[in-house]
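These are the residues of each chain, in order.
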Amino acid sequence: MIIRLSHVVAEDTPKGLAARRFQALVQSRSGGRLEVVVFAGARLYGDHDEMQALQLGAVEILAPSLSKFGRIGFPEFELFDLPYLFSDAASVRRITQGPLGQRLLQRLQRQQLVGLGYLDNGFKHMSGNHPLLQPEHFVGMRMRVQASTVIAAQMRALGARPVTLAFSETRRALALGVVDGTENPVSNFWTQRMHEVQSDLSLSQHGYLGYALVANQRFWLGLPQDDRDLLRDALGEAMVFGNQISDTQNDKALAALRDSASTRIHVPDAAQVARMRRTVQPVYDGLAKRIGEGWLRDARNAAQAG
Ligand code: LMR
């Protein structure tokens, strides 16, 4: 049996490597009876059509970023996009490995999706053709964003104009000057060669990028119990592996970026971070109005419990 797993990033990223680990585990444990075929780099489906492809059964498993669930009817997932909500990976983990994370995954059943778990990429930074360290630096910038209302609101609060584009179109849009900048973890920035078209990367660490592993429900429930267990276990191990390597993948990409000397790297000082945090606060109220205070309170409590 062939199981198609499609994603939009490069192979040499936390998600790309976790997908490969899943493939290898399934191959060896099923003795080749089950075969996972990985389509990386939006080769099969991209941001515009991958969710629909999954719902139609044209692909069995996806790993979209958590930011991409809002537009298909799950705005609560945009909690993960709130700027400066998480101080570190452990604070993310208190949501993804806790009851709130489970509640979010269960909601996906409403659209015939099975949420199987979470995978980290890491923290996002701002890139452009000048430093982006404090709100004034964003004024008038056209910033590429994922299709997330929260991320768009964050850019607007900073004075920039958000432009929603598919991940696979982003580098070209930066090269052509259709957009001036974007936000990404370093692993995506480096593997998409954005450093060739962006002169400045500011290590703002203002937000988190992670993924949910989701399967088509008909496919998943139609599996014999043994195969379902095998796939669930392999995916669980692949996610643990991905979460273990995400930091090193991002560190490796940053080291490569420094070596390439193609992009200037900046670090905001404490006063700049404080101003950025203050400026984006209205984004929290906007999301609370859309999804209710309860979700925000639970997310804050979990994220800050450590
Ligand atoms: C993006 O669109 O920037 C990210 O969601 C890409 C990814 O999957 O890491």
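Note: the structure precedes this text.
Residues numbered from 1 in each chain as written. Predicted model: local features only at pLDDT ≥ 70, side-chain atom pairs only at ≥ 80, totals over all residues. Heavy atoms only, no water.

Visitor: Mind showing me how you'd approach the pairing of strand 7 (residues 181-184) here?
Guide: Side-chain positions along a regular strand alternate between the two faces of the sheet. Here strand 7 shows a buried face lined by Gly-181 and Glu-183 and a second buried face lined by Thr-182 and Asn-184. For strand 4 (residues 113-128) and strand 7, the ladder comprises three bridges, and the chain directions are antiparallel. Residue pairing in the sheet places Met-126 in a bridge with Glu-183 of strand 7. In this structure, strand 5 (residues 142-145) lies alongside strand 7, joined through two bridges in parallel fashion. Within the sheet, the bridge partner assigned to Met-143 lies in strand 7 and is Gly-181. (Buried < 20%, exposed > 50% of the residue type's maximum accessible area, 1.4 Å probe, protein only. Helix = DSSP H or I, 4+ residues; strand = E, 2+ residues; numbered from the N terminus. Pairing = 2+ DSSP bridges.)

Visitor: Looking at this model, I keep getting lost on the site of the ligand. Mind explaining?
Guide: Taken together, 13 residues sit near the ligand, with Lys-15, Lys-68, Arg-144, Gln-146 and Tyr-211 positioned nearest. In the model, an oxygen atom of the ligand is placed 2.8 Å from a nitrogen or oxygen of the Lys-68 side chain. Isolated, the ligand exposes 270 Å² of accessible area, and the fraction of that covered by the protein chains is 99%. Counting atoms within 2 Å of the grid points, the majority share of the ligand lands in the largest cavity. Broken down by class, the residue content of the shell around the ligand amounts to five nonpolar, four polar and four charged. (Near = heavy atom within 4 Å. Polar contact = N/O pair within 3.5 Å; in protein donor to acceptor, adjacent residues only side chain to side chain. Areas by Shrake-Rupley, 256 points an atom, 1.4 Å probe, with all protein chains shown as cover. 1 Å grid on protein atoms, 1.4 Å probe; cavity = no way out; pocket = protein on both sides within 12 Å on 5 of 7 lines; lining within 4 Å. Sits in = over half its atoms within 2 Å of the grid points. Nonpolar A, V, L, I, M, F, W, Y, C, P; charged D, E, K, R; others polar.)

Visitor: Would you mind showing me how to read the layout of surface pockets here?
Guide: Once rolled over the atoms, a probe with the size of a water molecule shows which space is left empty. One number sums up the size of the largest pocket: a volume of about 430 Å³. Taken together, 20 residues line the largest pocket, and the ones lying closest to its centre are Gln-102, Leu-105, Gly-115, Leu-116 and Gly-117. In terms of residues, the lining of the largest pocket owes the most to one element, strand 4, which gives six residues. Residue composition of the lining of the largest pocket, by class: eight nonpolar, 10 polar and two charged. In this structure, the second largest pocket is lined by 17 residues; those nearest its centre are Phe-123, Gln-205, Asp-247, Asn-250 and Asp-251. Within the residue set of the lining of the second largest pocket, elements represented by two or more residues are helix 3 (89-96), strand 4, strand 8 (200-216) and helix 9 (225-260). The residue makeup of the lining of the second largest pocket, split by class, is six nonpolar, seven polar and four charged. (Points joined across faces, edges and corners; volume = space filled by probe spheres on them.)

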